[in-house]
Amino acid sequence: IYFYFSLTGCVTCLDHDEHYILTFPNGYGRQVNALIDIFIFNALSILTVPWIELGGECSISCSKTGYNASIVFHTKPFYGGKKHRITAEIFSPNDKKPFCSIEGEWNGVMYAKYSTGENAVFIDTKKMPTIKKKVRKLEDQDDFESRCLWKDVTYNLKIRDIDAATAAKH
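What you see is a predicted model; the values in this text were computed from it and never measured. Residue indices follow the written sequence of each chain, beginning from 1 at its first position. Since the coordinates come from a predicted model, pLDDT governs what is reported: local features require at least 70, and pairs of side-chain atoms require 80 or more to be given and counted, while whole-chain, interface and lining totals use all residues. In computing side-chain properties, one takes all heavy atoms of the structure into account and sets aside hydrogens as well as water.

## Quick look at the overall build of the protein chain
Logical step 1: Secondary structure elements are taken from DSSP: a helix is a run of H or I of four residues or more, a strand is a run of E of two residues or more, and numbering for both begins at the N terminus. If you tally the helices and strands in the protein chain, you get four helices and 10 strands.
Logical step 2: Helices and strands in the protein chain line up, N terminus first, as β-β-β-β-α-β-β-β-β-β-β-α-α-α.
Logical step 3: Here a residue-residue contact requires only that any non-hydrogen atoms of the pair lie within 4.5 Å. A fraction of 24% describes how many contacts in the protein chain between residues 6 or more apart in sequence connect residues 24 or more apart.
Logical step 4: Carbon and sulfur atoms form 58% of the exposed surface of the protein chain, whose accessible area is close to 13,300 Å². Calculation of accessible area relied on Shrake-Rupley with a 1.4 Å probe; when residues are assessed, cover is drawn exclusively from the protein chains displayed.

## Some details on a nonpolar patch on the surface
Logical step 1: Patches were defined on residues exceeding 30% relative accessible area and lacking a salt bridge, with like-charge contacts within 9 Å and nonpolar side-chain contacts (Val, Leu, Ile, Met, Phe, Trp, Tyr) within 5 Å. Salt bridges are defined as contacts in which a side-chain nitrogen from Lys or Arg sits within 4 Å of a carboxyl oxygen from Asp or Glu. On the surface, a cluster of nonpolar side chains totalling about 370 Å² of accessible area is made up of Phe144, Leu149 and Trp150.
Logical step 2: Relative to the helices and strands, Trp150 is located in the loop between helix H2 (146–149) and helix H3 (151–158).

## Thoughts on the packing of aromatic side chains
Logical step 1: Working definition: a ring pair exists when centres of Phe, Tyr or Trp rings (six-membered ring for Trp) sit within 6.5 Å. Plane angles under 30 degrees give stacked, over 60 give edge-to-face, the rest tilted. All told, the structure shown has one aromatic pair when counted by the stated rule.
Logical step 2: Ring geometry for Tyr67 and Phe99: centres 6.1 Å apart, planes at 85°, overall edge-to-face. Placement of Tyr67 in the loop between strand E5 (51–62) and strand E6 (68–74) and of Phe99 in the loop between strand E7 (85–91) and strand E8 (100–105) is noted, with a sequence separation of 32 residues between them.

## Here's the deal with the environment of Gly108
Logical step 1: Assignment of secondary structure puts Gly108 in the loop between E8 and strand E9 (109–114).
Logical step 2: Gly108 sits in the buried class, given a relative accessible area of 5%.
Logical step 3: Residues Gly108 and Arg85 lie 23 residues apart in sequence; the distance between their C-alpha atoms is 9.3 Å.
Logical step 4: Setting aside residues up to four positions removed in sequence, Gly108 forms contacts with Ile123, Asp124, Thr125 and Lys126. Here's how the labels work: a residue is buried when its accessible area is under 20% of the maximum for its type, exposed when over 50%, partly exposed in between, all with a 1.4 Å probe on protein chains only.

## Focus: the state of the cysteines
Logical step 1: Count a disulfide wherever a pair of cysteine sulfur atoms falls within 2.5 Å. Taken as a whole, this structure holds zero disulfides when the rule is applied.
Logical step 2: Cys13 takes part in no disulfide bond, and the closest cysteine sulfur, belonging to Cys62, lies 8.8 Å away.

## Re the nonpolar core
Logical step 1: By size, the foremost hydrophobic cluster in this structure holds 11 residues: Cys58, Ala69, Ile71, Phe73, Ile86, Ala88, Ile90, Cys100, Ile102, Met110 and Ala112.
Logical step 2: The contacts of Ile71, once residues within four sequence positions are left out, are Gly56, Glu57, Cys58, Ile60, Ile86, Thr87 and Ala88. By convention a nonpolar core is built from buried Ala, Val, Leu, Ile, Met, Phe, Trp, Tyr and Cys residues, the set being connected through side-chain atoms within 4.5 Å.

## Regarding the pairing of strand E2 (residues 8–13)
Side chains on a regular strand alternate between the two faces of the sheet.
Logical step 1: By the convention used here, strands pair only if DSSP detects at least 2 bridges between them. Across six bridges, the pairing between E2 and strand E3 (residues 18–23) is antiparallel. What sits directly across from Gly9, in E3, is Leu22.
Logical step 2: The turn joining E2 and E3, which pair antiparallel and follow one another in sequence, is formed by four residues; a positive phi near 50° is taken by Asp17.

So, in structure tokens, the structure goes:
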């Protein structure tokens, strides 16, 4: 299973009046041994757990500062290899050579190697605190805002009533 985004986002750093334009990776629905199971047993295995895998190239750029980054989400090879790998290069304005290269796992630890030769942990996502998002109350949302629109589906999924959740989507 494969889904393709052609989305662009903007993150604003209010303290510096900087706007960072970014693109997003593709997403792939994966299941270990799925191809083997389909060809040999003509069915998907119930013994493996499916997961969503990110893959493809992304970019982040700031027109005000000129800084930019190229990011690659690597998909797991069919044989061997690891899931969730990421590499990135960060460039100063007008430079062709990166001043920082990053590698690791996007949902784990990423390591930075600077052009000075210094190596360091760039970020450890497992140690980052979870920040609860702030959302307006349902009664304050318009009818077609996401949480208002999907409230019946969400409720029925929480109580494990799949039939009611499916009916609520229509």
